[in-house]
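# Analysis of the macromolecular model
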Amino acid sequence: CRVAFMQSVELKPFLLAMPMQERLSFAERCQTSYPFLRNVAYGQKRAGETLAILIERESKGKVPCEVTRPDVPWYVLRKRRPSTNQPKPQTQEL
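In what follows, the accompanying structure is described. What you see is a predicted model; the values in this text were computed from it and never measured.

Calculation notes
Residues numbered from 1 in each chain as written. Predicted model: local features only at pLDDT ≥ 70, side-chain atom pairs only at ≥ 80, totals over all residues. Heavy atoms only, no water. Salt bridge = Lys/Arg side-chain N within 4 Å of Asp/Glu carboxyl O. Buried < 20%, exposed > 50% of the residue type's maximum accessible area, 1.4 Å probe, protein only. Helix = DSSP H or I, 4+ residues; strand = E, 2+ residues; numbered from the N terminus. Contact = heavy atoms within 4.5 Å. Core = buried A, V, L, I, M, F, W, Y, C linked by side-chain atoms within 4.5 Å.

### A look at the pattern of salt bridges
Taken as a whole and assessed by the stated rule, the structure comprises seven salt bridges. By sharing partners, the salt bridges in this structure join R46, E49, R69 and D71 into a single network.

So this is what it looks like as structure tokens:
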């Protein structure tokens, strides 16, 4: 189940909407190369958590971490649970 965000987009259409020079600049601001970022956008590579954060920051929130890396429990850092149908994480008592 995908997390829904207002005004959010996937990385691929976000990049494709930019002229090539802007894509190169965006990748540089995200501290990565454009070829790697393109591979992430096309699902060939997985963004690390740091890259997901940088993509969110540099896209001004249009491509949130939760979209780039839905497998990471970002709600722990944001202190809010996403509005999805995902089950709550299991905790073990010590």
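### What to know about helix α4 (residues 49-58)
Because each turn of an α-helix spans 3.6 residues, side chains separated by three or four positions end up pointing in the same direction. Taken together, the buried positions of α4 are L51, A52, L54, I55, E56 and E58. Contacts from the buried residues of α4 go to α1 (11-16), α2 (20-29), α3 (34-41), α5 (65-68) and α6 (75-78).

### Structural notes on the nonpolar core
Ranked by size, the top nonpolar core spans 16 residues in total, and within it L11, F14, L15, F26, L37, L51 and I55 carry the most contacts. Counting residues per element, the ones that place at least two in this core are α1, α2, α3 and α4. With four residues, α3 is the single largest residue contributor to this core. If near-sequence neighbours (up to four positions away) are discounted, L37 is found in contact with L11, L15, F26, A27, T32, L51 and I55.

### Thoughts on unusual backbone geometry
For Q31, which is not glycine, the phi torsion reads 60 degrees and is therefore positive. Mapping Q31 onto the fold places it in the loop between α2 and α3. Unlike most non-glycine residues, K60 shows phi in positive territory, near 55 degrees. Along the chain, the position of K60 falls in the loop between α4 and α5.

Just distances and angles here, no functional claims.
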